[in-house]
Amino acid sequence: MMKDNMKFATKAIHAGQEPDPTTGAVMTPIYQTSTYAQKAPGDHKGFEYSRGTNPTRQALEACLAALENAKYGLAFSSGMGATDAVMKLLQPGDEVITGNDLYGGSYRIFTKIYMKYGIKFHFLDLSKPENIEQYINEKTKLVWIETPTNPTMQIIDIEGIAKITKANNILLSVDNTFASPYLQNPMDLGADIVMHSVTKYIGGHSDVVMGALLVNDDELYKQLWFIYNACGATPGPQDAFLVLRGIKTLHLRMKAHCENGARVAAFLKTHPKIDKIYWPGFEDHPNHDVAKRQMRDFGGMVSITIKDADLQETYRIASRFKVFTLAESLGGVESLINHPTSMTHGSIPKDEREKVGVTDNLLRLSVGVEDIEDLLADLEQALS
Ligand SMILES: Cc1ncc(COP(=O)(O)O)c(C=O)c1O
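Every chain is numbered independently, its residues counted from 1 as its sequence is written. The predicted origin of the model limits local features to residues at a pLDDT of at least 70 and limits the giving and counting of side-chain atom pairs to 80 or more, whereas totals for whole chains, interfaces and linings rest on all residues. Only heavy atoms go into the side-chain values, all of them from the structure, while hydrogens and water stay out.

Every one of the 14 residues lining the ligand counts as a neighbour, but Gly 79, Asp 175, Ser 197, Thr 199 and Lys 200 are closest to it. Polar contacts, as used here, are pairs of N or O atoms within 3.5 Å; protein pairs need one atom able to donate a hydrogen and one able to accept it. Residues neighboring in sequence count only if both atoms are side-chain atoms. Within the backbone of Met 80, a nitrogen or oxygen atom sits 2.9 Å from an oxygen atom of the ligand. A distance of 2.6 Å is found between an oxygen atom of the ligand and a side-chain nitrogen or oxygen belonging to Thr 199. For the ligand, the protein covers 92% of the area, taking 390 Å² as the surface of the free molecule. Looking at the shell around the ligand, the elements that each hand over two or more residues are α3 (79-87) and β6 (193-197). Classification used: nonpolar for Ala, Val, Leu, Ile, Met, Phe, Trp, Tyr, Cys and Pro, charged for Asp, Glu, Lys and Arg, polar for all others including Gly. When its residues are assigned to classes, the shell around the ligand shows five nonpolar, six polar and three charged. Any residue with at least one heavy atom within 4 Å of a molecule or strand is counted as near it. Per-residue and other accessible areas follow the Shrake-Rupley method at a 1.4 Å probe size, with only the shown protein chains counted as cover for residues. Helix and strand definitions follow DSSP, with helices as H or I runs of at least four residues and strands as E runs of at least two, each counted in order from the N terminus.

This is the structure we're talking about:
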(Lines give C-alpha, C1' and ligand atoms only; values in the text may rest on other atoms or scores of the structure.)
Protein backbone atom coordinates (compact mmCIF):
# COMPACT_ATOMS: atom_id res chain seq x y z
CA MET A 1 0.00 0.00 0.00
CA MET A 2 1.33 3.44 -0.94
CA LYS A 3 1.87 5.45 2.22
CA ASP A 4 0.17 8.43 0.60
CA ASN A 5 -3.08 6.40 0.33
CA MET A 6 -3.15 5.69 4.03
CA LYS A 7 -5.34 7.31 6.65
CA PHE A 8 -4.51 10.69 8.20
CA ALA A 9 -2.62 9.49 11.29
CA THR A 10 -0.46 7.11 9.27
CA LYS A 11 0.31 9.78 6.69
CA ALA A 12 1.19 12.28 9.46
CA ILE A 13 3.82 9.85 10.72
CA HIS A 14 5.11 8.29 7.50
CA ALA A 15 4.23 10.20 4.31
CA GLY A 16 7.30 11.36 2.38
CA GLN A 17 9.62 9.53 4.76
CA GLU A 18 11.55 6.30 4.34
CA PRO A 19 14.37 5.08 6.58
CA ASP A 20 17.59 6.74 5.40
CA PRO A 21 19.03 4.55 2.61
CA THR A 22 22.62 4.89 3.91
CA THR A 23 22.18 4.25 7.62
CA GLY A 24 18.61 3.10 8.14
CA ALA A 25 17.97 6.16 10.36
CA VAL A 26 14.23 6.16 11.03
CA MET A 27 14.01 9.93 11.25
CA THR A 28 14.79 11.86 8.08
CA PRO A 29 18.30 13.30 8.56
CA ILE A 30 18.87 17.05 8.70
CA TYR A 31 20.72 17.61 5.42
CA GLN A 32 22.56 20.69 6.65
CA THR A 33 24.17 21.59 3.35
CA SER A 34 23.83 24.53 1.02
CA THR A 35 25.14 22.70 -2.04
CA TYR A 36 25.69 19.23 -3.54
CA ALA A 37 28.48 17.62 -5.57
CA GLN A 38 27.48 17.24 -9.22
CA LYS A 39 28.70 14.47 -11.55
CA ALA A 40 29.41 16.80 -14.49
CA PRO A 41 28.58 20.38 -15.47
CA GLY A 42 25.10 20.56 -16.96
CA ASP A 43 23.91 17.38 -15.23
CA HIS A 44 20.65 18.50 -13.58
CA LYS A 45 19.49 15.08 -12.37
CA GLY A 46 20.40 15.32 -8.68
CA PHE A 47 20.28 17.96 -5.95
CA GLU A 48 22.09 21.20 -6.85
CA TYR A 49 21.55 23.98 -4.34
CA SER A 50 19.44 24.09 -1.17
CA ARG A 51 17.48 27.21 -2.01
CA GLY A 52 15.73 25.09 -4.63
CA THR A 53 15.89 21.55 -3.25
CA ASN A 54 16.92 19.93 0.00
CA PRO A 55 16.13 16.32 1.01
CA THR A 56 14.86 17.19 4.52
CA ARG A 57 12.59 19.87 3.10
CA GLN A 58 11.42 17.56 0.33
CA ALA A 59 10.36 14.91 2.87
CA LEU A 60 8.33 17.57 4.68
CA GLU A 61 6.78 18.87 1.46
CA ALA A 62 5.69 15.37 0.48
CA CYS A 63 4.18 14.83 3.94
CA LEU A 64 2.29 18.15 3.82
CA ALA A 65 0.98 17.35 0.32
CA ALA A 66 -0.23 13.94 1.51
CA LEU A 67 -2.09 15.47 4.46
CA GLU A 68 -3.93 17.92 2.18
CA ASN A 69 -4.63 15.27 -0.49
CA ALA A 70 -2.54 17.32 -2.90
CA LYS A 71 0.00 16.26 -5.49
CA TYR A 72 2.66 18.85 -4.63
CA GLY A 73 3.89 20.70 -1.56
CA LEU A 74 6.18 23.72 -1.28
CA ALA A 75 7.55 24.89 2.07
CA PHE A 76 8.32 28.58 2.63
CA SER A 77 10.22 30.37 5.37
CA SER A 78 6.94 31.80 6.73
CA GLY A 79 3.23 31.80 6.03
CA MET A 80 3.66 35.30 4.62
CA GLY A 81 6.41 34.01 2.32
CA ALA A 82 3.89 31.46 0.99
CA THR A 83 1.20 34.14 0.53
CA ASP A 84 3.73 36.38 -1.22
CA ALA A 85 4.52 33.60 -3.72
CA VAL A 86 0.82 33.25 -4.63
CA MET A 87 0.55 37.01 -5.19
CA LYS A 88 3.55 36.87 -7.52
CA LEU A 89 1.45 34.78 -9.92
CA LEU A 90 -0.46 38.02 -10.67
CA GLN A 91 0.21 40.89 -13.10
CA PRO A 92 -0.44 44.63 -12.68
CA GLY A 93 -4.10 45.29 -13.48
CA ASP A 94 -5.29 41.94 -12.09
CA GLU A 95 -8.04 41.87 -9.47
CA VAL A 96 -8.38 39.75 -6.34
CA ILE A 97 -11.52 39.04 -4.34
CA THR A 98 -10.99 38.33 -0.67
CA GLY A 99 -12.80 38.42 2.68
CA ASN A 100 -13.47 41.31 5.05
CA ASP A 101 -11.94 39.45 8.01
CA LEU A 102 -8.36 38.30 7.45
CA TYR A 103 -5.15 37.80 9.36
CA GLY A 104 -3.70 41.34 9.69
CA GLY A 105 -0.48 40.37 7.89
CA SER A 106 -2.45 39.16 4.85
CA TYR A 107 -4.39 42.44 4.77
CA ARG A 108 -1.09 44.31 5.10
CA ILE A 109 0.71 42.51 2.24
CA PHE A 110 -2.34 43.01 -0.02
CA THR A 111 -2.85 46.70 0.72
CA LYS A 112 0.70 47.92 1.44
CA ILE A 113 2.72 45.80 -1.02
CA TYR A 114 0.59 44.48 -3.87
CA MET A 115 -1.78 47.43 -4.31
CA LYS A 116 1.39 49.43 -5.02
CA TYR A 117 2.11 47.09 -7.94
CA GLY A 118 -1.26 47.77 -9.52
CA ILE A 119 -3.28 44.86 -8.17
CA LYS A 120 -6.81 45.64 -7.03
CA PHE A 121 -8.38 43.95 -4.00
CA HIS A 122 -12.07 43.66 -3.10
CA PHE A 123 -12.62 42.93 0.61
CA LEU A 124 -16.08 41.38 0.80
CA ASP A 125 -18.51 39.74 3.14
CA LEU A 126 -18.11 36.15 1.94
CA SER A 127 -20.82 34.61 4.11
CA LYS A 128 -22.69 33.70 0.92
CA PRO A 129 -20.66 32.43 -2.06
CA GLU A 130 -22.81 34.37 -4.53
CA ASN A 131 -21.60 37.64 -2.95
CA ILE A 132 -18.51 37.41 -5.17
CA GLU A 133 -20.44 37.22 -8.44
CA GLN A 134 -21.01 40.92 -9.00
CA TYR A 135 -17.29 41.64 -8.45
CA ILE A 136 -16.07 39.18 -11.08
CA ASN A 137 -14.84 40.61 -14.38
CA GLU A 138 -12.22 39.63 -16.96
CA LYS A 139 -9.46 41.04 -14.69
CA THR A 140 -10.38 38.82 -11.72
CA LYS A 141 -7.60 36.24 -11.38
CA LEU A 142 -7.72 35.08 -7.78
CA VAL A 143 -10.14 34.54 -4.91
CA TRP A 144 -8.30 34.36 -1.58
CA ILE A 145 -10.21 33.07 1.41
CA GLU A 146 -9.45 32.23 4.99
CA THR A 147 -11.86 29.91 6.86
CA PRO A 148 -12.39 29.97 9.79
CA THR A 149 -11.25 33.58 9.66
CA ASN A 150 -8.82 35.21 12.03
CA PRO A 151 -10.09 36.42 14.50
CA THR A 152 -13.92 36.38 14.19
CA MET A 153 -14.17 32.77 13.02
CA GLN A 154 -16.34 33.51 9.98
CA ILE A 155 -17.05 30.30 8.07
CA ILE A 156 -16.81 30.54 4.28
CA ASP A 157 -18.34 27.87 2.05
CA ILE A 158 -15.28 26.58 0.16
CA GLU A 159 -17.25 24.30 -2.17
CA GLY A 160 -19.77 27.04 -2.98
CA ILE A 161 -17.01 29.54 -3.81
CA ALA A 162 -15.07 26.91 -5.81
CA LYS A 163 -18.06 26.28 -8.08
CA ILE A 164 -18.08 29.97 -9.01
CA THR A 165 -14.30 30.31 -9.42
CA LYS A 166 -14.12 27.18 -11.61
CA ALA A 167 -16.96 28.40 -13.84
CA ASN A 168 -15.10 31.70 -14.30
CA ASN A 169 -11.59 30.25 -14.64
CA ILE A 170 -10.33 32.04 -11.52
CA LEU A 171 -7.85 30.54 -9.04
CA LEU A 172 -9.14 29.80 -5.55
CA SER A 173 -6.58 29.88 -2.75
CA VAL A 174 -7.59 28.88 0.78
CA ASP A 175 -5.66 29.83 3.92
CA ASN A 176 -6.30 26.67 5.96
CA THR A 177 -4.21 27.70 8.96
CA PHE A 178 -6.99 27.82 11.58
CA ALA A 179 -8.48 24.44 10.66
CA SER A 180 -5.25 22.54 9.86
CA PRO A 181 -5.40 19.62 7.41
CA TYR A 182 -6.78 17.46 10.22
CA LEU A 183 -10.07 19.37 10.28
CA GLN A 184 -10.50 20.52 6.70
CA ASN A 185 -9.09 19.70 3.23
CA PRO A 186 -9.94 22.56 0.83
CA MET A 187 -8.46 20.68 -2.16
CA ASP A 188 -11.21 18.07 -1.83
CA LEU A 189 -13.78 20.91 -1.97
CA GLY A 190 -12.40 22.42 -5.19
CA ALA A 191 -9.60 24.79 -4.09
CA ASP A 192 -6.62 25.20 -6.45
CA ILE A 193 -4.11 26.26 -3.79
CA VAL A 194 -4.05 25.57 -0.05
CA MET A 195 -1.89 27.86 2.03
CA HIS A 196 -0.74 27.23 5.61
CA SER A 197 1.06 29.15 8.24
CA VAL A 198 2.92 25.98 9.30
CA THR A 199 4.04 28.04 12.30
CA LYS A 200 0.65 27.25 13.87
CA TYR A 201 -1.06 23.85 14.31
CA ILE A 202 1.13 21.94 11.85
CA GLY A 203 4.40 22.85 13.60
CA GLY A 204 2.47 22.79 16.85
CA HIS A 205 5.18 23.68 19.36
CA SER A 206 5.73 27.43 18.90
CA ASP A 207 9.34 26.83 17.89
CA VAL A 208 9.32 27.33 14.11
CA VAL A 209 8.10 29.99 11.67
CA MET A 210 7.18 28.40 8.33
CA GLY A 211 4.61 28.43 5.54
CA ALA A 212 3.42 26.04 2.85
CA LEU A 213 1.51 25.88 -0.41
CA LEU A 214 -0.17 22.72 -1.67
CA VAL A 215 -1.37 22.30 -5.26
CA ASN A 216 -2.54 19.61 -7.67
CA ASP A 217 -2.13 21.22 -11.06
CA ASP A 218 1.22 20.51 -12.77
CA GLU A 219 1.45 23.90 -14.50
CA LEU A 220 0.52 25.84 -11.35
CA TYR A 221 3.13 23.87 -9.41
CA LYS A 222 5.77 24.74 -12.03
CA GLN A 223 4.92 28.44 -11.80
CA LEU A 224 4.99 28.42 -8.01
CA TRP A 225 8.22 26.39 -7.89
CA PHE A 226 9.81 28.95 -10.20
CA ILE A 227 8.82 31.77 -7.81
CA TYR A 228 9.95 29.74 -4.77
CA ASN A 229 13.39 29.12 -6.26
CA ALA A 230 13.77 32.51 -7.93
CA CYS A 231 12.72 34.57 -4.90
CA GLY A 232 14.25 32.27 -2.30
CA ALA A 233 11.92 32.38 0.73
CA THR A 234 12.61 28.70 1.43
CA PRO A 235 13.20 27.31 4.94
CA GLY A 236 16.35 25.62 6.17
CA PRO A 237 16.68 21.91 6.97
CA GLN A 238 16.64 22.30 10.78
CA ASP A 239 13.23 23.93 10.62
CA ALA A 240 12.00 21.30 8.14
CA PHE A 241 13.11 18.60 10.59
CA LEU A 242 11.35 20.25 13.54
CA VAL A 243 8.10 20.45 11.57
CA LEU A 244 8.43 16.82 10.41
CA ARG A 245 8.71 15.89 14.07
CA GLY A 246 5.81 18.12 15.08
CA ILE A 247 3.49 16.73 12.40
CA LYS A 248 3.78 13.21 13.76
CA THR A 249 1.41 14.18 16.58
CA LEU A 250 -0.85 16.54 14.61
CA HIS A 251 -3.87 14.22 14.83
CA LEU A 252 -3.37 13.65 18.56
CA ARG A 253 -2.91 17.33 19.29
CA MET A 254 -5.88 18.40 17.15
CA LYS A 255 -8.22 16.02 18.99
CA ALA A 256 -7.11 17.54 22.29
CA HIS A 257 -7.37 21.12 20.93
CA CYS A 258 -10.93 20.43 19.75
CA GLU A 259 -11.95 18.88 23.07
CA ASN A 260 -10.48 21.71 25.14
CA GLY A 261 -11.75 24.33 22.67
CA ALA A 262 -15.32 23.03 23.06
CA ARG A 263 -15.06 23.07 26.87
CA VAL A 264 -13.63 26.61 26.94
CA ALA A 265 -16.28 27.85 24.48
CA ALA A 266 -19.10 26.32 26.56
CA PHE A 267 -17.67 27.86 29.74
CA LEU A 268 -17.38 31.34 28.24
CA LYS A 269 -20.74 31.27 26.47
CA THR A 270 -22.64 31.81 29.72
CA HIS A 271 -19.98 33.79 31.59
CA PRO A 272 -21.39 37.13 32.83
CA LYS A 273 -18.26 39.07 31.71
CA ILE A 274 -18.53 37.89 28.08
CA ASP A 275 -20.51 39.82 25.51
CA LYS A 276 -19.91 38.06 22.15
CA ILE A 277 -18.31 34.69 21.59
CA TYR A 278 -17.03 33.39 18.28
CA TRP A 279 -16.61 29.61 17.92
CA PRO A 280 -17.99 27.71 14.91
CA GLY A 281 -19.27 24.80 17.00
CA PHE A 282 -22.23 26.79 18.35
CA GLU A 283 -25.48 26.16 16.49
CA ASP A 284 -26.11 29.90 16.39
CA HIS A 285 -22.66 30.69 14.93
CA PRO A 286 -23.11 32.11 11.40
CA ASN A 287 -22.71 29.35 8.81
CA HIS A 288 -22.52 26.65 11.50
CA ASP A 289 -24.13 24.23 9.01
CA VAL A 290 -21.32 24.96 6.51
CA ALA A 291 -18.72 24.38 9.25
CA LYS A 292 -20.39 21.04 10.04
CA ARG A 293 -20.23 20.07 6.40
CA GLN A 294 -16.69 21.12 5.53
CA MET A 295 -14.87 20.62 8.86
CA ARG A 296 -14.46 17.42 10.87
CA ASP A 297 -14.61 19.28 14.19
CA PHE A 298 -14.56 22.90 15.32
CA GLY A 299 -10.98 23.46 16.49
CA GLY A 300 -9.36 25.21 19.41
CA MET A 301 -9.70 28.87 18.45
CA VAL A 302 -12.23 30.92 20.42
CA SER A 303 -12.64 34.71 20.30
CA ILE A 304 -14.58 36.76 22.86
CA THR A 305 -15.50 40.33 23.58
CA ILE A 306 -15.49 41.55 27.18
CA LYS A 307 -18.76 43.11 28.28
CA ASP A 308 -18.61 46.91 28.77
CA ALA A 309 -14.80 46.90 28.71
CA ASP A 310 -12.74 49.79 27.33
CA LEU A 311 -9.20 49.31 26.06
CA GLN A 312 -7.64 49.66 29.52
CA GLU A 313 -9.98 47.13 31.11
CA THR A 314 -9.36 44.71 28.22
CA TYR A 315 -5.59 45.14 28.67
CA ARG A 316 -5.99 44.54 32.41
CA ILE A 317 -7.85 41.27 31.83
CA ALA A 318 -5.45 40.13 29.08
CA SER A 319 -2.50 40.67 31.44
CA ARG A 320 -3.97 38.63 34.31
CA PHE A 321 -3.70 35.16 32.80
CA LYS A 322 -1.32 32.69 34.43
CA VAL A 323 -1.66 29.54 32.28
CA PHE A 324 -2.61 31.24 29.00
CA THR A 325 0.36 33.31 27.78
CA LEU A 326 -0.24 36.76 26.29
CA ALA A 327 1.44 36.36 22.90
CA GLU A 328 0.92 36.54 19.16
CA SER A 329 0.53 33.29 17.20
CA LEU A 330 -1.65 30.24 17.84
CA GLY A 331 -1.90 26.51 17.35
CA GLY A 332 0.89 25.43 19.70
CA VAL A 333 0.45 22.97 22.56
CA GLU A 334 0.46 25.89 25.01
CA SER A 335 -2.59 28.12 25.40
CA LEU A 336 -2.12 31.68 24.19
CA ILE A 337 -4.21 34.80 24.54
CA ASN A 338 -3.96 37.59 21.97
CA HIS A 339 -5.38 41.09 21.77
CA PRO A 340 -5.92 41.46 18.00
CA THR A 341 -6.29 45.23 17.71
CA SER A 342 -2.95 45.93 19.38
CA MET A 343 -1.16 42.78 18.22
CA THR A 344 -1.97 40.57 15.19
CA HIS A 345 -4.44 42.94 13.50
CA GLY A 346 -2.79 46.28 14.34
CA SER A 347 -2.21 47.03 10.65
CA ILE A 348 -5.95 47.05 9.76
CA PRO A 349 -7.55 50.53 9.97
CA LYS A 350 -9.97 50.89 12.91
CA ASP A 351 -13.06 51.61 10.78
CA GLU A 352 -12.36 48.57 8.55
CA ARG A 353 -11.85 46.12 11.40
CA GLU A 354 -14.71 47.42 13.53
CA LYS A 355 -17.17 46.72 10.68
CA VAL A 356 -16.58 43.00 11.22
CA GLY A 357 -16.39 43.09 15.01
CA VAL A 358 -12.63 43.40 15.56
CA THR A 359 -13.07 45.87 18.40
CA ASP A 360 -10.73 46.92 21.21
CA ASN A 361 -12.52 44.64 23.71
CA LEU A 362 -11.92 41.51 21.58
CA LEU A 363 -9.57 38.78 22.82
CA ARG A 364 -8.57 35.72 20.83
CA LEU A 365 -7.79 32.46 22.62
CA SER A 366 -5.69 29.68 21.17
CA VAL A 367 -6.77 26.87 23.46
CA GLY A 368 -3.84 24.53 24.04
CA VAL A 369 -3.70 20.94 25.24
CA GLU A 370 -3.03 21.53 28.94
CA ASP A 371 -5.41 20.05 31.54
CA ILE A 372 -8.82 21.59 30.94
CA GLU A 373 -9.43 22.20 34.67
CA ASP A 374 -6.36 24.44 34.82
CA LEU A 375 -7.46 26.35 31.72
CA LEU A 376 -10.98 26.95 33.05
CA ALA A 377 -9.64 28.02 36.46
CA ASP A 378 -7.28 30.48 34.73
CA LEU A 379 -10.14 31.98 32.70
CA GLU A 380 -12.27 32.25 35.84
CA GLN A 381 -9.59 34.10 37.82
CA ALA A 382 -8.60 36.41 34.94
CA LEU A 383 -12.22 37.42 34.29
CA SER A 384 -13.09 37.89 37.95
C1 LIG B 1 -4.57 32.80 9.32
C2 LIG B 1 -3.13 33.17 9.16
N3 LIG B 1 -2.58 33.18 7.94
C4 LIG B 1 -1.28 33.51 7.74
C5 LIG B 1 -0.47 33.86 8.80
C6 LIG B 1 0.96 34.24 8.53
O7 LIG B 1 1.84 33.21 8.85
P8 LIG B 1 3.33 33.41 9.39
O9 LIG B 1 3.23 34.13 10.70
O10 LIG B 1 3.85 32.01 9.49
O11 LIG B 1 4.07 34.22 8.37
C12 LIG B 1 -0.99 33.84 10.09
C13 LIG B 1 -0.13 34.22 11.22
O14 LIG B 1 -0.62 34.52 12.30
C15 LIG B 1 -2.36 33.49 10.27
O16 LIG B 1 -2.92 33.48 11.49
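So, on to the environment of Met 210. Positionally, Met 210 belongs in the loop between β6 and β7 (211-215). Looking at Met 210, the relative accessible area reads 0%, which means it is buried. Put simply, Met 210 and Thr 249 are 39 residues apart on the chain and 17 Å apart in space, counted from C-alpha to C-alpha. Between buried and exposed lies partly exposed: a residue is buried under 20% and exposed over 50% of the maximum accessible area for its type, with that area taken using a 1.4 Å probe on protein chains only.

With that settled, consider the UniProt feature "modified residue: N6-(pyridoxal phosphate)lysine" (unreviewed entry) in the protein. Per the UniProt record, "modified residue: N6-(pyridoxal phosphate)lysine" (unreviewed entry) is found at Lys 200. On the secondary structure map, Lys 200 appears in the loop between β6 and β7. Contacts between residues were defined by any pair of non-hydrogen atoms, one from each residue, lying within 4.5 Å. Each residue touching Lys 200, except ones within four places of it in the same chain, is listed here: Thr 177, Ser 329, Leu 330 and Gly 331. In this structure the side chain of Lys 200 is engaged in a polar contact, spanning 3.0 Å, whose partner is the side chain of Ser 197. UniProt positions are given in the numbering used here, feature names are shortened, and annotations may be inferred rather than shown by experiment.

We now examine the domain arrangement of the protein. Looking at the protein, the domain boundaries give domain 1 (7-247) and domain 2 (250-383). Each of domain 1 and domain 2 has a C-alpha centre, and the two are 25 Å apart. Each partner contributes residues to the interface: domain 1 has 45 residues there, and domain 2 has 42 residues. Between domain 1 and domain 2 lies a buried interface of about 3500 Å² when both sides are counted; carbon and sulfur atoms form 60% of it. Whenever Lys or Arg places a side-chain nitrogen within 4 Å of a carboxyl oxygen from Asp or Glu, that contact is recorded as a salt bridge. Taken together, the connections running from domain 1 to domain 2 amount to one salt bridge. Between Asp 157 and Arg 293 there is a salt bridge; the shortest N-O distance is 3.2 Å. At the boundary of domain 1 with domain 2, the tally comes to 21 residue pairs in polar contact (both at pLDDT 80 or more). At the level of secondary structure, the elements contributing two or more residues to the side of domain 1 that touches domain 2 comprise α1 (8-14), α4 (104-114), α5 (158-167), α6 (180-183) and α8 (237-247). Reported domain spans reflect what an automatic or database domain assignment gives. Buried area adds together the accessible area that both of two parts lose upon being put together, with accessible area traced by a 1.4 Å probe.

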